[in-house]
Amino acid sequence: MSSEQIAYRGRFAPSPTGPLHFGSLYTAVASFLQARSVGGKWLVRIDDLDPLRCKQVYSTHILKTLEQFGLTWDETIFYQSTRHLAYKTALAELKKDNFLYRCSCSRKELTERRIPNGIYDQHCLNSAAQNIQPHALRIKLPVDRLIFNDQIQGDVKQYLKKDVGDFIVFRKDHVAAYHLAVALDDHEQKITDVLRGYDLLASTPRQIMLQQILGLHTPNYAHIPVISNVEGAKLSKQTFADDVSLSPVKQTLISILAYLNLNPIEGLLDGSVSDILSWGIKHWSLNNIKRQPSILFHSN
Ligand code: GLU
Ligand code: ZN
């Protein structure tokens, strides 16, 4: 590696709202293989922003599951729940630069105004009701069109004003919103490459926009197809996907390699967990991943 090249730093960032399921393990394995195949670092961040939905028992359980599957991480685990001050500092900067406004609209009011596609109508932008408590903070979008190149999905273009609207960066319940936290934390952890599920593709322009106005770096992005069930819903805690820690480790890893189009060879099952991962690292290529939103889950 030449000295100018920045060493690869990838990450897996689960939200501890339940045990790890097959779909999230698949994402973890993909980002692990990608990082290891280039001799890079693989970090784990626990996205435990939301105190109501995230539980310490799940963080512990998720980390145990990663270990069980041989996915060993570098450096210390990063917890979003410890970053309140950094988020507040960034919000103060956004406020100073006039990018924020208070929004006191309730969910009911938003529904009553029948905002098309849920795009916020800037009702509170110039309203006298601005000081009503409680309120959220919304970003006044400074740009509309945002384009980036995804390493799997190709060029992605989004019109933020039409497709997203002025989104919330700080919630009424005093929790930083996901997009703000991710932009700041990927920067803080010096992440060079984000490999995650296709379900977050449409969130990426918001994160890049925040990086731009906060003067943060933009990592490379690769969004892999999510694994979905027959109804087309991504496997998630909400679709009651099972706790993967209860599945046979080696078979599960091999099946994930197959979902990643690596054509695992026969006999792989005779090796150890670490043999299976080493085989995966050796054969891993982003080029094997298809440019599509999802792939169908087949049990067995
Ligand atoms: N914590 C997010 C999730 O579990 C992922 C964040 C990210 O990869 O940027 O959906
Ligand atoms: Zn409002």
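In what follows, the structure referred to is the one given above.
This one's a predicted model, so the numbers in the text were calculated from it and none came from an experiment.

Conventions and cut-offs
Once a new chain begins, its residue numbering starts again from 1 and follows that chain's sequence as written. Here the convention is simple: chains get letters from A, ligands get numbers from 1, in the order in which they are written. This being a predicted model, a pLDDT of at least 70 is required before a residue's local features are given, and a value of 80 or more before pairs of side-chain atoms are given or counted; all residues contribute to the totals for chains, interfaces and linings. In computing side-chain values, all of the structure's heavy atoms are included and hydrogens and water are not. To qualify as a helix, a DSSP run of H or I must reach at least 4 residues; to qualify as a strand, a run of E must reach at least 2; elements of each kind are numbered from the N terminus. With the radius of gyration taken over C-alpha atoms, the globule rule is written as 2.2 Å times the number of residues to the power 0.38. Relative accessible area decides the class of each residue, using a 1.4 Å probe on protein chains only: under 20% of the type maximum gives buried, over 50% gives exposed, and in between gives partly exposed. His residues and chain termini do not enter the charge count, which takes Lys and Arg as positive and Asp and Glu as negative. Working definition for charges: the position is that of NZ of Lys, CZ of Arg, CG of Asp or CD of Glu. Because no water is among the atoms considered, metal sites can look incomplete, with donors defined as N, O and S atoms within 2.8 Å of the metal, or 3.2 Å for Na, K and Ca. Here the metal geometry follows the donor angles, with tetrahedral for four donors whose angles all fall between 85 and 135 degrees, square planar for four and octahedral for six when opposite donors are more than 155 degrees apart and every other angle is between 65 and 115, and irregular for all the rest. Every axis in this analysis is a line fitted to C-alpha atoms, fitted for helices over the stretch in contact. Angles between the N-to-C directions lie between 0 and 180 degrees. Here the word oblique covers every angle except those under 35 degrees (roughly parallel), over 145 (roughly antiparallel) and from 65 to 115 (roughly perpendicular). Should the near helix be turned anticlockwise from the far one by less than a right angle, the crossing is left-handed, and should it be turned clockwise, the crossing is right-handed. A contact between two residues is defined here by any heavy atoms of the two lying within 4.5 Å. We call Asp, Glu, Lys and Arg charged. Ala, Val, Leu, Ile, Met, Phe, Trp, Tyr, Cys and Pro are nonpolar, and the rest, Gly among them, are polar. The rule is short: rings of Phe, Tyr and Trp, with Trp giving its six-membered ring, pair when the centres are within 6.5 Å, and they are stacked under 30 degrees, edge-to-face over 60, tilted in between. Any Lys NZ or Arg CZ found within 6 Å of a ring centre and within 35 degrees of that ring's normal is scored as a charge over the ring. Only strands joined by at least two bridges in the DSSP assignment are considered to pair.

## Comments concerning the overall build of the protein chain
Across its full length, the protein chain holds nine helices and 12 strands. What you see for the protein chain is a C-alpha radius of gyration of 20 Å, in line with the 19 Å of a compact globule of 300 residues. Taken along its principal axes, the extent of the C-alpha atoms in the protein chain is 70 × 45 × 35 Å. Looking at the protein chain as a whole, 50% of its 300 residues qualify as buried. Distance between charge centroids for the protein chain: 6 Å, based on 34 positive and 29 negative side chains.

## Quick look at the coordination of the zinc ion (ligand 2)
Cys 103 (SG), Cys 105 (SG), Tyr 120 (OH) and Cys 124 (SG) make up the full set of protein donors to the zinc ion (ligand 2), lying at 2.0 to 2.3 Å. Around the zinc ion (ligand 2) sit four donor atoms; with metal-centred angles ranging over 101 to 126 degrees, the donor geometry is tetrahedral. Going along the chain, you hit the donors of the zinc ion (ligand 2) in the pattern C-x1-C-x14-Y-x3-C. Placement of the pair is Cys 103 in strand β4 (residues 100-103) and Tyr 120 in the loop between α4 (107-112) and β5 (136-139), with a sequence separation of 17 residues. On the basis of relative accessible area, Cys 103 is assigned to the buried category, the value being 2%. On the accessibility criterion, Tyr 120 (7% relative accessible area) is buried.

## Observations regarding the packing of helix α1 (residues 22-37) against helix α9 (residues 273-283)
Axis separation between α1 and α9 bottoms out at 8 Å; the angle between their running directions is 65 degrees. Between α1 and α9, the angle is such that the two are roughly perpendicular. For the crossing formed where α1 meets α9, the hand is right-handed. Along its contact with α1, which presents Phe 32, Leu 33, Arg 36 and Ser 37, the element α9 presents Leu 277, Gly 280 and Ile 281. Across the contact of α1 with α9, the residue classes tally to four nonpolar, two polar and one charged.

## Side note on the packing of aromatic side chains
Here the structure, examined in full by the defined rule, presents six aromatic pairs. Seen in terms of ring centroids, Phe 22 and Tyr 259 are 5.5 Å apart; in terms of plane orientation they differ by 65 degrees. Their pairing is edge-to-face. Separated by 237 residues along the polypeptide, Phe 22 in helix α1 and Tyr 259 in helix α8 (residues 249-259) bring together distant segments of the chain. Taken individually, Phe 22 and Tyr 259 each receive the classification buried, so the pair is uniform in this respect. Taking the ring centre of Phe 167 as reference, the NZ or CZ of Arg 206 above it sits at 6.0 Å.

## A word on unusual backbone geometry
A positive phi angle is found at Glu 75, which is not glycine, with a value near 60 degrees. The class for Glu 75 is partly exposed, based on a relative accessible area of 42%. Residues other than glycine seldom take positive phi values, yet Asn 263 does so here, at roughly 45 degrees. Looking at the element boundaries, Asn 263 is found in the loop between α8 and α9.

## Details of the sheet that holds strand β1 (residues 9-12)
On the basis of which strands lie adjacent, the open sheet formed by three strands has the order β1-β2-β3 and parallel pairing. The open sheet has two edge strands with one neighbour each: β1 and β3 (78-79). Pairing geometry for β1 and strand β2 (residues 41-46), over four bridges, is parallel. Directly across from Arg 9, in β2, lies its bridge partner Lys 41. Against the sheet, α1 engages β1 and β2, with an angle of about 150 degrees to β2. Helix-sheet contacts for helix α6 (residues 178-188) involve β1, β2 and β3, and the interaxial angle to β2 is about 145 degrees.

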